[in-house]
Amino acid sequence: MKVFTAVDEWRAFRDSLGASVGFVPTMGALHAGHLSLVQSSQSDNDFTVASIFVNPTQFNRAADLEHYPRTTEADLAALQTSEVDAVFMPDNASLYPDAYTFRVNESEFSQHLCGAHRPGHFDGVLTVVMKLFNIIRPTRAYFGEKDYQQLKLVRGMVNAFFMPVGIMACPTVREADGLAMSSRNARLDAQQRAKAPGLFRTLQAAGSAAQAREQLEQLGFDVDYVEDLDGRRFGAVHLGDVRLIDNVAFG
């Protein structure tokens with residue numbers, strides 16, 4: 001497994017690849033959900049590269065960025081075991097030489113759901129994804145459906161800017177009790193972890209978004225939103241200072 005930290009080094013190596021390249025962008029703290037994206041890439045492409053970069057511009061709260069789990073050694077070991085071909089691990093200065101004065105902004109869907117509660121979040125997401133796509137030059141890129149709003153926005157950006165990369169959606173990977181796998185789950189204490197699967201169960205079982213919200217509040221969640229949109233039910237909640245999101249298809 002080759003590890004690249006410099007943009008120019010990766011670009012020189014990329015020029016030597018004539019094969020199809022699959023890309024899995026991550027912020028580290030890897031779990032089985034990330035590794036399922038790797039497996040999908042490996043089945044579709046000749047070469048698979050993952051990135052590890054905790055993107056500061058998508059955090060609207062400094063404390064959230066500070067507390068985001070960083071497990072680089074374990075992440076590299078997991079990617080090595082998964083037989084990833086390469087890892088791209090840039091630093092902040094490499095990806096933001098402009099100090100984030102240039103950015104990508106979507107003016108409609110990004111203002112709803114998570115965007116309504118996390119100002120500027122999707123500007124940071126779309127900006128870093130565009131930068132990574134321009135650097136990695138993947139044939140295909142892989143995103144989980146847990147972050148469904150992010151998936152739709154990235155796909156929309158690629159279409160709007162005529163970017164030559166296929167955006168591949170992969171099913172949400174869940175724990176045995178239904179909790180969607182997320183790097184943030186590691187921050188839940190035992191009591192919160194026992195309560196957390198109630199988000200998925202409630203989104204799935206409630207008769208309406210309003211009922212789901214009421215039931216989640218009764219279970220002790222601090223609810224940001226529950227909304228039904230485009231055949232899916234979306235929810236975002238807090239347990240203490242940990243924010244959890246999920247979505248389920250219905251109808």
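Look up: the structure comes first, before these words.
Below: a short report on this structure.

Calculation criteria
- Residues numbered from 1 in each chain as written.
- Predicted model: local features only at pLDDT ≥ 70, side-chain atom pairs only at ≥ 80, totals over all residues.
- Heavy atoms only, no water.
- Pairing = 2+ DSSP bridges.
- Helix = DSSP H or I, 4+ residues; strand = E, 2+ residues; numbered from the N terminus.
- Axes fitted to C-alpha atoms, helices over the stretch in contact; angles between N-to-C directions.
- Parallel < 35°, antiparallel > 145°, perpendicular 65-115°, else oblique.
- Left-handed = near helix turned anticlockwise from the far one by under 90°.
- Contact = heavy atoms within 4.5 Å.
- Nonpolar A, V, L, I, M, F, W, Y, C, P; charged D, E, K, R; others polar.
- Core = buried A, V, L, I, M, F, W, Y, C linked by side-chain atoms within 4.5 Å.
- Buried < 20%, exposed > 50% of the residue type's maximum accessible area, 1.4 Å probe, protein only.

Here we look at the sheet that holds strand S7 (residues 222–229)
One open sheet holds the 3 strands; their spatial order is S7-S8-S9, and the pairing between them is antiparallel. Edge positions in the sheet fall to S7 and strand S9 (242–249), since each has one partner strand and no second. Each strand axis lies, on average, 10° off the axis of its neighbour in the sheet, ignoring direction. Pairing geometry for S7 and strand S8 (residues 232–239), over 7 bridges, is antiparallel.

A look at the packing of helix H10 (residues 198–205) against helix H11 (residues 209–218)
Interhelical geometry of H10 versus H11 gives an angle of 150° and a closest axis separation of 9 Å. One finds that H10 runs roughly antiparallel with respect to H11. For the element pair H10 and H11, the recorded crossing hand is right-handed. Taken together, the residues of H11 that come into contact with H10 (itself represented by Gly198, Leu199 and Thr202) are Ala212, Gln215 and Leu216. In terms of residue class, the contact of H10 with H11 is made up of 3 nonpolar, 3 polar and no charged.

A few points about the nonpolar core
Counting residues in each nonpolar core, the largest one holds 44 residues, and the members touching the most others are Trp10, Phe133 and Ile167. The set of elements that each furnish at least two residues to this core consists of helix H1 (7–14), strand S2 (21–26), strand S3 (47–52), strand S4 (86–88), helix H7 (121–136), strand S5 (140–144), helix H8 (148–160) and S8. Top element by residues in this core is H7. It accounts for 10 residues. Ignoring any residue separated from it by four or fewer positions in sequence, one finds Phe133 in contact with Phe23, Pro138, Ala141, Phe143, Val154, Val158, Met163, Val165 and Ile167. Residues Leu188, Val223, Val226 and Val242 belong to the second largest nonpolar core, which totals 18 residues.

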